[in-house]
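Residue-level listing of the chains:
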Amino acid sequence: MVRGVMFDFSGTLMRSESVEEWLGAVLADTAVSVDGEEFSDWVRRLTECGALPGGPAPQRIPARLERLWRERDLGADQHREAYSGLIAEAGLPRAELIPALYDRHKAPAAWRPYPDTQATLRELRRRGIPVAVVSNIGWDLRPVFRAHGLDGLVDAYALSFELGARKPDPAIFRSACDTLGLAPSDVLMVGDNHAADGGAEALGCPVRFVDHLPVDQRPAGLAPVLELLG
């Protein structure tokens, strides 16, 4: 019997803006003017380098960043250094944009809830089923949930940079279950990454997966969660 639900963050409850939107927002904020051809080239470079957290994965990790990449979700400093390094790897001619690009991805405006996120969380609250957000992340995402009016629908956060453990390590799921006051076998894990989110199975949690799709292409991705609860 499911008595609680753990959700992944990126690709499950919310989705990051695109690389084009990310770069465009920073250029607008910094009043840096770039023509269309150069803008497209910058987008291509940033995409190939996987410089946007929550965006496309890097095509390769430079040797100098390998350790930071492995540890990126275990601390705020590691996360900033790893992604700032990937932004630098893109070789944009305006190095002063690196901190602005990194900071932008943490802004609430850079994240969009999936169409059924709020309805699903509200229904779980109505049924008295507690919810935890379990995320591999290097910064505090609570302000994002507050800005989108969702924080009051979440009972606990298990964030890798605060716990020093990242999915699929069972420790991060156990922390969430303990905070909810429930046995792992009673807590459903919902995520989009089979390797990371599937780690909850080691504790005996039932697991369900959703597709990591753009917001406008996954209108009812969380429907199976409520169907499972009956």
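See the structure printed just above.
What comes next is a walk through the structure. (Residues numbered from 1 in each chain as written. Predicted model: local features only at pLDDT ≥ 70, side-chain atom pairs only at ≥ 80, totals over all residues. Heavy atoms only, no water.)

## Description of the overall build of the protein
Next, step 1: Helix and strand counts for the protein stand at 11 helices and 7 strands.
Next, step 2: With the C-alpha coordinates aligned to their principal axes, the bounding extent of the protein is approximately 55 × 35 × 25 Å.
Next, step 3: Every one of the 230 residues in the protein was classed for burial, and the buried ones make up 50%.
Next, step 4: Partitioning the contacts of the protein with sequence separation of at least 6, the portion at a separation of at least 24 is 68%.
Next, step 5: For the protein, the exposed surface amounts to about 10200 Å²; the carbon and sulfur share of it is 49%.
Next, step 6: When the 25 positive and 33 negative side-chain charges of the protein are each reduced to one mean point, those points stand 3 Å apart. (Helix = DSSP H or I, 4+ residues; strand = E, 2+ residues; numbered from the N terminus. Buried < 20%, exposed > 50% of the residue type's maximum accessible area, 1.4 Å probe, protein only. Contact = heavy atoms within 4.5 Å. Areas by Shrake-Rupley, 256 points an atom, 1.4 Å probe, with all protein chains shown as cover. Lys, Arg positive; Asp, Glu negative; His and termini not counted. Charge placed at Lys NZ, Arg CZ, Asp CG, Glu CD.)

## Observations concerning the environment of Asp103
Next, step 1: Along the chain, Asp103 falls in helix 5 (residues 98-104).
Next, step 2: Residues Asp103 and Arg122 lie 19 residues apart in sequence; the distance between their C-alpha atoms is 30 Å.
Next, step 3: A distance of 2.7 Å separates a polar atom in the side chain of Asp103 from a polar atom in the side chain of Arg80. (Polar contact = N/O pair within 3.5 Å; in protein donor to acceptor, adjacent residues only side chain to side chain.)

## As for the side chain of Asp192
Next, step 1: Of note, Asp192 is situated in the loop between strand 6 (187-191) and helix 10 (194-197).
Next, step 2: Of the buried charged residues, Asp192 lacks a salt bridge, with Lys167 as the closest side chain of opposite charge at 6.3 Å.
Next, step 3: Within the structure, the side chain of Asp192 is placed 2.7 Å from the side chain of His212, a separation counted as a polar contact.
Next, step 4: Dropping the residues within four chain positions of it, Asp192 is found in contact with Asp8, Ser10, Gly11, Thr12, Asp197, Phe209, Val210 and His212. (Salt bridge = Lys/Arg side-chain N within 4 Å of Asp/Glu carboxyl O.)

## Considering the environment of Leu228
Next, step 1: Of note, Leu228 is situated in helix 11 (residues 223-229).
Next, step 2: Here the alpha-carbon distance between Leu228 and Arg174, two residues 54 residues apart in the chain, equals 22 Å.
Next, step 3: With residues up to four places along the chain from it excluded, the contact list for Leu228 reads Val2, Leu188 and Arg208.

## Some thoughts on the pattern of salt bridges
Next, step 1: Under the criterion given, the structure shown has 20 salt bridges.
Next, step 2: In this structure, Glu48 engages Arg44 in a salt bridge whose closest nitrogen and oxygen atoms are separated by 3.3 Å. A residue pair is termed a helical-turn pair when its members lie 3 or 4 positions apart in one helix, as Glu48 and Arg44 do in helix 2 (residues 36-49) at 4 residues.
Next, step 3: Arg44 gets classed as partly exposed once you look at its relative accessible area, which sits at 40%.
Next, step 4: A salt bridge links Asp197 to Lys167, with the shortest nitrogen-to-oxygen separation between them at 2.7 Å. Pair noted here: Asp197 is in helix 10 and Lys167 is in the loop between helix 8 (160-163) and helix 9 (170-180), with a separation of 30 residues, a long-range link. When sorted by exposure, Asp197 lands in the same class as Lys167, which is buried.
Next, step 5: Among the ionic contacts, a cluster of salt bridges with common partners joins Asp41, Arg44, Arg45 and Glu48.

Any functional reading would require information that these geometric values do not contain.
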